[in-house]
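Summary of the model geometry
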Amino acid sequence: MALDFTLDPAMTPALRDGILDLWVDVTNAGGAVGFVAPVTPDAIRPELLKHLVAMSEGRSRLLVGRDEDGRVAATAFLTSNTHRLMTHWIWLYTVMVHPRHQGKGYGRDLLAAAADAARGLEGIEAIRLTCRGGLGLERFYGSCGYKEVGRVPEAIRVAPGDDRDDITMLLPLG
């Protein structure tokens, strides 16, 4: 069964908690979403609050995918570029699919829904995102139409002695 995607859902305590739980579960399953396992909700909550503030200020939009039980199963934040010379593209942040749904094609569905949402934004011509090297994420994004446009070697320190590349990917929407 496919996920049901919603752009800009009403932010409720249940949705907020669902996103937080998703983020914790994705991180603890080894996902590269800004943290390193093990994490607790208390560790992630401040970062989620930053996203929620950006949403309340109109700088970011939330895309949520819910499973057949109505649970938050996937998310991505579409975030405007504030630099006046770069307003023709947006950032895609915190792209997550719950581990219980891995391998079902929901990651591709999430990226397609994000691209559709971005095409609906006036003046947006491309999506950029960054990903952590060493996990094959650039191959996944590449298979979804993104192109690698930059790489900073060893820019992400996962642990002492474990540095990963910071890879920038671009999806032209035209």
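The coordinates are above.
A quick note: this is a predicted structure, and the numbers were derived from the prediction, not measured.

1. What to know about the pattern of salt bridges
This model, assessed by the stated rule, comprises 14 salt bridges. Residue R61 is joined to D8 by a salt bridge in which the shortest nitrogen-to-oxygen separation is 2.3 Å. Of the two residues, R61 is situated in strand β2 (residues 60-66) and D8 in the loop between β1 (4-7) and α1 (13-28); the sequence distance between them amounts to 53 residues. By relative accessible area, R61 is classed as partly exposed at 28%. Two residues, D165 and R151, come together in a salt bridge whose shortest N-O distance is 2.9 Å.

2. Quick look at empty space enclosed by the protein
Regions of empty space are outlined by a rolling probe, equal in size to a water molecule, passed over the atoms. Applying the stated criterion across every chain yields a total of one cavity of 30 Å³ or more. The calculated volume of the largest cavity comes to roughly 30 Å³. In terms of lining residues, the largest cavity is bounded by R16, D17, L20, R45, L48 and L49. Class assignment of the residues belonging to the lining of the largest cavity gives a composition of three nonpolar, no polar and three charged.

3. Here we look at the layout of surface pockets
Here the largest pocket is characterised by a volume of approximately 920 Å³. Along its surface, the largest pocket is lined by 37 residues, and A32, V33, V95, L137 and Y141 are the ones closest to its centre. Elements with a contribution of two residues or more to the lining of the largest pocket: α1, α2 (41-56), β4 (89-97), α3 (106-119), β5 (126-132) and α4 (137-143). Tallying contributions element by element places β4 first for the lining of the largest pocket, with six residues.

Calculation notes
Residue positions within a chain follow its written sequence, with the count starting from 1. Under the rules for a predicted model, residues below a pLDDT of 70 receive no local features and side-chain atom pairs below 80 are neither given nor counted, while totals for whole chains, interfaces and linings still include all residues. Side-chain calculation: all heavy atoms of the structure are included, whereas hydrogens and water are not. Here, a salt bridge means any Lys or Arg side-chain nitrogen found within 4 Å of an Asp or Glu carboxyl oxygen. Only DSSP runs of H or I covering at least 4 residues are called helices, and only runs of E covering at least 2 are called strands; the numbering of each starts at the N terminus. Exposed residues in this analysis have more than 50% of their type's maximum accessible area, buried residues have under 20%, and partly exposed residues fall in between, with area computed by a 1.4 Å probe over protein chains only. Definitions used for this entry: grid spacing 1 Å over protein atoms alone; cavity, a set of points where a 1.4 Å probe fits but cannot get out; pocket, an open set with protein on both sides within 12 Å along at least 5 of 7 lines; lining residue, one with an atom within 4 Å of a point. Grid points are joined across faces, edges and corners, and a volume is the space filled by probe spheres set on the points. Three residue categories are used. Nonpolar comprises Ala, Val, Leu, Ile, Met, Phe, Trp, Tyr, Cys and Pro, charged comprises Asp, Glu, Lys and Arg, and polar comprises the others, including Gly.

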